[in-house]
Amino acid sequence: MGKCKHITRLLSDALDRSLTTGEWVAIRLHLPTCSGCRNYRDQIRLLRVAARSVSGIETVDGAKRDE
Amino acid sequence: MAQVGTAALDDPVYLTQLRQQLVRFARLQLRDAAAAEDAVQEALAAAWTNADRFGAQSEHKTWVFGILRHKLVDTLRARQRTINLSALEAELDGEALLDRELFKDNGHWSRETKPRPWPTPETALRRQQFWAFFEMCLDNLPEHIGRVFMMREFLDLDTEAICAELQINANHCSVLIYRARLRLRTCLGEKGLASEDANGEV
């Protein structure tokens, strides 16, 4: 059930669509036991932040600079 | 208000930096330096005509990037409509190789490749390093994988729009994005983001 190969795909999908309840349960059961997948999750989130900042969608310091 | 805005946009340091960021962004998408320059030039020209509407540089920047994004979507659209499905399948077949490196037969991370925490880039130098690595790793992505990832994360299209645009199915679309993320984080990890500081605490 909770294989990293499968979970990493779900964690990626979660950034682009809503997961089913079953998919969430699989993730919730897996993550507490696997530091590799927890790090992976944090890192793919960071990739999104980085990409958005390069493309001016969200400027990292934009919010602060306004006021 | 308008005065403040104009002064901010006359700032040559800001404009030079903005231009560099725009060119980098366009080059990553188009993989063609001349076409990237053209796209940026057009976006800046379009933005200039409305420059006095912006009170702050950050607003202006967001807006110019928005113009450029539209421009890039148009350019990419004109360039190539659909993905060659057999080329796509071949690319995805090749991914099995990477999987064998990353995961054991039982589907769990193999010891050497299990993701380790990345240090937070505290210093400006570290941050600069991160961006350099990020660009390098993006450049190394296989063609389709890179293209779909950029459409999703850089051009901010949702997967439905990407599928429609490239005429691929939803599964292909999400696999390609998944492979991009897996490759990027592996590549960044290999570049040393996971070294020194992080090694100690594993």
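As the structure is a computational prediction, the values presented were derived from the model and not from experiment.

Some details on the interface of chain B and chain A
In step 1: Of the residues lining the interface, 32 residues belong to chain B; the matching set on chain A comes to 28 residues.
In step 2: Taken together, the elements giving at least two residues each to the side of chain B that touches chain A come down to helix 4 (57-79), helix 7 (143-153) and helix 9 (170-193) of chain B.
In step 3: Per-element accounting of the side of chain B that touches chain A gives the leading share, 7 residues, to helix 9 of chain B.
In step 4: For the side of chain B that touches chain A, the per-class residue count stands at 14 nonpolar, 8 polar and 10 charged.

Overview of helix 7 of chain B
In step 1: Of all 11 residues making up helix 7 of chain B, 10 are buried, and the element is well covered by its neighbours.
In step 2: Of the residues making up helix 7 of chain B, those classed as buried are His144(B), Ile145(B), Gly146(B), Arg147(B), Val148(B), Phe149(B), Met150(B), Met151(B), Arg152(B) and Glu153(B).

Regarding the environment of Arg77(B)
Residues and elements named next belong to chain B.
In step 1: Structurally, Arg-77 is set in helix 4.
In step 2: Classification of Arg-77 by C-beta neighbours within 10 Å gives exposed; the count is 10.
In step 3: The spatial distance from the C-alpha of Arg-77 to the C-alpha of Gln-17 is 28 Å, given a sequence separation of 60 residues.

With respect to the environment of Glu112(B)
In step 1: For Glu112(B), the position within the fold is in the loop between helix 5 (85-102) and helix 6 (124-139).
In step 2: Sequence-wise, Glu112(B) and Leu102(B) are 10 residues apart; in three dimensions their C-alpha atoms are separated by 8.1 Å.

Quick notes on the nonpolar core
Residues and elements named next belong to chain B.
In step 1: Judged by nonpolar contacts, the single largest core of 47 residues is most densely connected at Leu-22, Ala-26, Ala-43, Val-64, Leu-68 and Val-148.
In step 2: Looking at this core, the element that brings in the most residues is helix 9, giving 9 residues.
In step 3: Looking at which domains feed residues into this core, each of domain 1 (2-79) and domain 2 (85-200) gives three or more.
In step 4: Each residue touching Ala-26, except ones within four places of it in the same chain, is listed here: Ala-36, Ala-39, Val-40, Leu-68 and Leu-72.

Conventions we followed
Throughout this document, residue positions are counted from 1 along each chain, in the order its sequence is written. Whichever chain is written first is A, and whichever ligand is written first is 1; the rest continue in order. Given that this is a predicted model, residues contribute local features only at a pLDDT of at least 70 and side-chain atom pairs are listed and counted only at 80 or more, while totals for whole chains, interfaces and linings are drawn from all residues. Residues are treated as contacting if the C-beta atoms built from their backbones sit within 7 Å of each other. Numbering of helices and strands runs from the N terminus; a helix is a DSSP stretch of H or I covering at least four residues, while a strand is a stretch of E covering at least two. Residues are grouped as follows: Ala, Val, Leu, Ile, Met, Phe, Trp, Tyr, Cys and Pro are nonpolar; Asp, Glu, Lys and Arg are charged; all remaining types, including Gly, are polar. With C-beta atoms placed from the backbone, the exposure class of a residue follows from how many other C-beta atoms lie within 10 Å of its own: 20 or more, buried; 12 or fewer, exposed; in between, partly exposed. Here, a nonpolar core means buried Ala, Val, Leu, Ile, Met, Phe, Trp, Tyr and Cys residues linked by C-beta atoms lying within 7 Å of one another. Marked domain ranges trace back to an automatic or database domain assignment.

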